[in-house]
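Fold and geometry: a report
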Amino acid sequence: MLDISGLTIRFGGITALDDVGFTVDTGEMVGLIGPNGAGKTTLFNCLTRRCVPTSGTLDYLGTDLLTVRPDRMARLGIARTFQNLGLFTRMSVRDNVLVGAHHRARAGFLGAGLFLPAVRSEERRLRAQVDGLLERLELREVAEHPAAGLPFGTLKRIELARALAAGPRLLLLDEPVNGLSHGEVGAFADLLAGLRVDFDLTVLVVEHHMGFVMGICDRVVCLEFGRVIADGAPEAVQRDPAVIEAYLGTAA
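Before going into details, it helps to say that this report is about the structure given with it. Along each chain, the written sequence defines residue order, and numbers are assigned to residues from 1. Side-chain atom pairs in this predicted model are given and counted only at pLDDT of 80 or more, local residue features only at pLDDT of at least 70, and totals for whole chains, interfaces and linings cover all residues. In computing side-chain values, all of the structure's heavy atoms are included and hydrogens and water are not.

Glancing now at the sheet that holds strand β2 (residues 14-24). The strand order β2-β1-β4-β5 describes an open sheet built from four strands, whose pairing is antiparallel. At either margin of the open sheet sits one strand with a lone partner, and together these are β2 and β5 (63-64). Helix α1 (residues 40-47) contacts β1 (2-11), β2 and β4 (55-60) of the sheet and is inclined by roughly 110° relative to β1. Whether two strands pair comes down to DSSP finding at least two bridges between them. Working definition: helices are DSSP H or I runs of at least four residues, strands are E runs of at least two. Numbering for both runs from the N terminus. We call two residues contacting when some pair of their heavy atoms lies within 4.5 Å. Each axis is a line fitted through C-alpha atoms, and for a helix only the stretch in contact is used; angles between axes span 0 to 180 degrees, taken between their N-to-C directions.

Structural data, given as structure tokens:
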């Protein structure tokens, strides 16, 4: 599904990604790990066109992502969550999730302004789909509540629901369990495993929680200083001397 080759990006004198390359197969869940500053979120930003790489290629199902405008990514079937939650705090949970379905609406400016019958029908359809997501992610009870003031674990599920509302084939998760308790991490892992099957998802996940990554991912890619230092099965990557050194240091 995704073929990253020779990806390099520099910010002034800093090389954030240096000749990065790996693939993600359809239906696979790949974990992207590495110390802080390794370039993981920068790679996500390149995939979603928030950053423009200096060189390299990003092939998604035969489409060169570097030729796609950022606002067209959702239509290609790519959705993401953010390391720092990007929810609209004053909007209701339902409306936050509806934002994710925006690109699937066909009403034009005039039709929406006049609230024509076709627009009303479309809105009912999208709301029904969003309500299904809220039910699946156990968010129905807070559907009308503003996003502000809700527990952190709930906010993580709201952002996940918003990404799913876009109808993605490739889901990019940036530190989805960061800040969650041990019990919440386990519950989120079970939820994600079920959603992966139910929605036929391919998933690329950035995460520091090694138990989560090693327990749920089919393959793990490790970055250090913008370079790939390991790529393989979770058990093999976990034992890789270069990975151990990157995380713990030579003495350890």
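Back to the text.
Below, the discussion takes up the layout of surface pockets. Think of a 1 Å grid over the protein atoms and nothing else: a 1.4 Å probe that fits but is trapped marks a cavity, an open set flanked by protein within 12 Å on at least five of seven lines marks a pocket, and residues with an atom within 4 Å of a point count as lining. Grid points are joined across faces, edges and corners, and a volume is the space filled by probe spheres set on the points. In this model, the largest pocket occupies a volume close to 630 Å³. Charged means Asp, Glu, Lys or Arg here, nonpolar means Ala, Val, Leu, Ile, Met, Phe, Trp, Tyr, Cys or Pro, and polar covers whatever is left, Gly included. Here the lining of the largest pocket is built from residues that sort into 11 nonpolar, five polar and seven charged.

Moving on, we come to a nonpolar patch on the surface. The patch calculation keeps residues exceeding 30% relative accessible area without a salt bridge and links them within 9 Å when they carry like charges or within 5 Å when they are nonpolar (Val, Leu, Ile, Met, Phe, Trp, Tyr). The protein chains shown are the only cover counted for residues, whose accessible areas, like all others here, come from Shrake-Rupley with a 1.4 Å probe. What counts as a salt bridge is simple: a side-chain nitrogen of Lys or Arg found within 4 Å of a carboxyl oxygen of Asp or Glu. Together, I244, Y247 and L248 line one region of the surface with nonpolar side chains, adding up to about 270 Å² of accessible area. With respect to the helices and strands, Y247 occurs in helix α10 (residues 241-248). Note on Y247: relative accessible area 31%, which makes it partly exposed. Throughout, exposure labels follow a simple rule: accessible area from a 1.4 Å probe, protein chains only, divided by the maximum for the residue type, with under 20% read as buried, over 50% as exposed, and the rest as partly exposed.

Among buried residues, the Ala, Val, Leu, Ile, Met, Phe, Trp, Tyr and Cys ones that are joined through side-chain atoms within 4.5 Å form a nonpolar core. Counting residues in each nonpolar core, the largest one holds 48 residues, and the members touching the most others are L160, L171 and F212. When residues of this core are assigned to their parent elements, the largest contribution, seven residues, is made by helix α6 (residues 152-165). Within the second largest apolar cluster, 30 residues are counted, among which are L58, L65, M73 and V206.

Without other data, these values stay purely geometric and don't point to any function.
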